[in-house]
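What follows is the residue order along each chain.
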Amino acid sequence: MQSILLWLTPLFPALSALLVGVIKPLEGGKKLHLTVAAAMAVNFALCVGLLFVGDLEVTLFSLGESLPVVLRSDLTARLFLLLCGGMWLNSGVFSFGYLPHEGHERRYFVFYLLTISAINAICLSATLVTMYLFFELMTLLSVALVLHNMSKEAVAAGIKYLLYSIAGAMMGLFGIFVFSGQLLSPLFAAGGTLAGEAGPLVLWATLLTVIGFATKAGMFPMHGWLPTAHPIAPAPASAVLSGVITKMGVLCVVRVVFFTVGASNLQGSWVQTVLLTLSLITVFMGSMMAFKTNGFKKRLAYSTVSQVSYILFGLFLMTPQAFVGAVEHMYFHSVMKNLLFLCAGAVILKTGYTQVSQLRGIGKRMPVTLWCFTIASLGLVGVPPLAGFVSKWDLAQGALSSGAAVFSWLGPVVLLISALLTAGYLVPISIDGFFPGHAHGEQPEELPRCEAGPVMLVPLIVLAVLTVLMGVCPGLLSGAAQTLAAALM
């Protein structure tokens, strides 16, 4: 009976998408919104339900004797599912207020529900082949979210996103080919399933596979799609691209490093050195590009490039405390970056401002929105007691105690510089927004209030409250991450 829950988690959103797509009265308006809201609420309830039933496993079908397509709800799957379901619901509710001005709501929500269906399946994947199949499916479905307004720029951004994603997936597929003949079992297992030590071919395959799947996470040198696709997509789509879909790249890296090859086979190797180097380059480069960029959403997109590589850096250190910091930052970044993109969407919708230089005084017109933006910004910088402080502390401590040669001190230095740059490209938006100032003798221009409606403000407030609560009470998440780290290392 409990296995039905495992089937329903990826299947229900897909069936809901079919319902939304074929029933004619659901072309727009309240009926469409209520149907989609109910579907996303049930999807989140299914994700929560799996927390209480423990490890389940079901084989969907087999592509061959050694290629089963299997779903399993282990602790890793449950942690990612809870995050994805919650963020997808929140951004979906925001969409009800944002999308009417974009048009084609029904088409958007069909692909929105289909994408979360594929994401649920990735989270629950128990083999490399299963993960790869649904990873590719997620890419094809999520392209529609980037292409939504069908402008020339959107089409170009969608093509770029697709090409980068396919190139990354092909690198991952090469690794799957290499690994398939050298595993004790096709099923993921804590600590890895590699038969014997990793030889040169396996090490090269691991490097290419991790870089390939980390394309979705925006890691250098495969990051180019992200600052192009995020700004052109509708704001709620940008939010889940940054807050959720990038985390599917992180999940695939976790599955390859800790459940297939095994951290013990990579610790101290040249592969670990290369991956740590690439992650720190990405952290610094993303922060610098965000600091230099005037486009509002593009600045947030470059910030995502940087911040997601905080997570990858923690994973590549392959020590328990760094792993815990990586899991914490995965959650915290998802909440805070979803909030930042949704705030940007509210501002763009109500004012038409798309450049940071246009936002002076916006706090007088949209105070609730800018307060939420400020809370997320301070959390992303790492100001205590907000969420980002906890994860960055564990990442820095994990690096210092890792014994990873130069990276034990270089990592915390780069993270600190990145935090300062993050303050430099986010905090001035709030300062100028609330305290615009004016020339001596000049009367400040009084512009009318234009705060977003309740259906858009409630998701912002929920995420802002979560940013505070998770920083003050990180115990549950930290405990789950420590349990997982102990099993893997």
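Placed above this text is the structure.
Draft legend 1. Highlighting the overall build of the protein chain. The helix and strand inventory of the protein chain stands at 18 helices and two strands. For the protein chain, the C-alpha radius of gyration of 22 Å lies close to 23 Å, the compact-globule estimate for 489 residues. Counting only C-alpha atoms, the protein chain reaches 75 × 60 × 40 Å along its principal axes. Classification of the 489 residues of the protein chain by burial places 59% in the buried group. Restricting to contacts in the protein chain with at least 6 residues of sequence separation, those with at least 24 account for 81%. Of the roughly 17700 Å² that the protein chain leaves accessible, carbon and sulfur atoms contribute 70%.

Draft legend 2. Examining empty space enclosed by the protein more closely. Per the stated rule, a full pass over the model turns up two cavities of 30 Å³ or more. Space inside the largest cavity adds up to approximately 60 Å³. Leu 79, Phe 80, Val 250, Val 254, Ile 311, Leu 315, Phe 323, Ala 326, Val 327, Met 330 and Leu 484 are the residues that line the largest cavity. Looking at the lining of the largest cavity, the elements that each hand over two or more residues are helix H3 (75-98), helix H9 (235-261), helix H11 (296-317) and helix H12 (320-351). No other element matches the four residues that H12 contributes to the lining of the largest cavity. Looking at the lining of the largest cavity residue by residue, the class counts come to eleven nonpolar, no polar and no charged. Computed from the structure, the second largest cavity encloses a volume of approximately 40 Å³. Looking at the second largest cavity, the residues that line it are Phe 296, Cys 343, Val 347, Leu 359, Ile 362, Thr 369, Leu 370, Phe 373 and Ile 429. Of all the secondary structure elements, the ones that give two or more residues to the lining of the second largest cavity are H12 and helix H14 (367-381).

Draft legend 3. Summary view of the environment of Thr 273. Tracing the sequence through the fold places Thr 273 in helix H10 (residues 270-292). The exposure class of Thr 273 is partly exposed, given its relative accessible area of 38%. On a C-alpha basis, the gap between Thr 273 and Pro 384 in space is 31 Å, while along the polypeptide they are 111 residues apart.

Draft legend 4. Structural view of the pairing of strand S1 (residues 57-62). Where S1 meets strand S2 (residues 68-72), five bridges bridge the pair, whose relative direction is antiparallel. Note that in S2 the partner of Thr 59 across the bridge is Val 70.

Draft legend 5. Region of interest: a nonpolar patch on the surface. Where nonpolar side chains cluster on the molecular surface, the patch consists of Leu 11, Leu 15, Leu 18, Leu 19, Val 22 and Ile 23 and spans about 520 Å² of accessible area. Along the chain, Leu 18 falls in helix H1 (residues 2-22). By relative accessible area, which is 53% here, Leu 18 ends up exposed.

Draft legend 6. View of the nonpolar core. One finds Trp 88, Ile 119, Met 248, Val 250, Phe 258, Leu 312 and Leu 315 to be the most contacted residues of the largest nonpolar core, which totals 170 residues. In this view, Met 248 contacts Phe 80, Cys 84, Ile 119, Ile 122, Cys 123, Phe 135 and Met 138; residues no more than four positions away in its chain are not counted.

Draft legend 7. Looking closely at the packing of aromatic side chains. The full count for this structure, using the stated rule, is 14 aromatic pairs. A centroid spacing of 6.0 Å and a plane angle of 25° characterise the contact between Phe 94 and Tyr 98, whose relative ring orientation is stacked. Here Phe 94 pairs with Tyr 98, and both are found in helix H3, just four residues apart, close to one helical turn. For Phe 94, a relative accessible area of 0% gives the class buried. Between Tyr 161 and Trp 225, the aromatic rings sit 5.0 Å apart at their centres with planes inclined by 50°, giving tilted as the arrangement. Of this pair, Tyr 161 sits in helix H6 (residues 152-180) while Trp 225 is found in the loop between helix H7 (200-213) and helix H8 (226-232), placing the two residues 64 residues apart along the sequence. Comparing Tyr 161 with Trp 225 shows no difference in burial state: the two are buried. Feature note: the residues Trp 88, Phe 96, Tyr 108, Phe 109 and Tyr 112 constitute an aromatic cluster, connected by ring pairs. Directly above the aromatic system of Phe 259 lies the positively charged group of Arg 255, at a separation of 4.7 Å from the ring centroid.

The rules we used
Residues numbered from 1 in each chain as written. Predicted model: local features only at pLDDT ≥ 70, side-chain atom pairs only at ≥ 80, totals over all residues. Heavy atoms only, no water. Helix = DSSP H or I, 4+ residues; strand = E, 2+ residues; numbered from the N terminus. Rg over C-alpha atoms; globule rule 2.2 N^0.38 Å. Buried < 20%, exposed > 50% of the residue type's maximum accessible area, 1.4 Å probe, protein only. Contact = heavy atoms within 4.5 Å. Areas by Shrake-Rupley, 256 points an atom, 1.4 Å probe, with all protein chains shown as cover. 1 Å grid on protein atoms, 1.4 Å probe; cavity = no way out; pocket = protein on both sides within 12 Å on 5 of 7 lines; lining within 4 Å. Points joined across faces, edges and corners; volume = space filled by probe spheres on them. Nonpolar A, V, L, I, M, F, W, Y, C, P; charged D, E, K, R; others polar. Pairing = 2+ DSSP bridges. Patch = residues over 30% accessible without salt bridge, like charges linked within 9 Å, V, L, I, M, F, W, Y side chains within 5 Å. Salt bridge = Lys/Arg side-chain N within 4 Å of Asp/Glu carboxyl O. Core = buried A, V, L, I, M, F, W, Y, C linked by side-chain atoms within 4.5 Å. Phe/Tyr/Trp six-rings, centres within 6.5 Å; stacked < 30°, edge-to-face > 60°. Lys NZ or Arg CZ within 6 Å of the ring centre and 35° of its normal.

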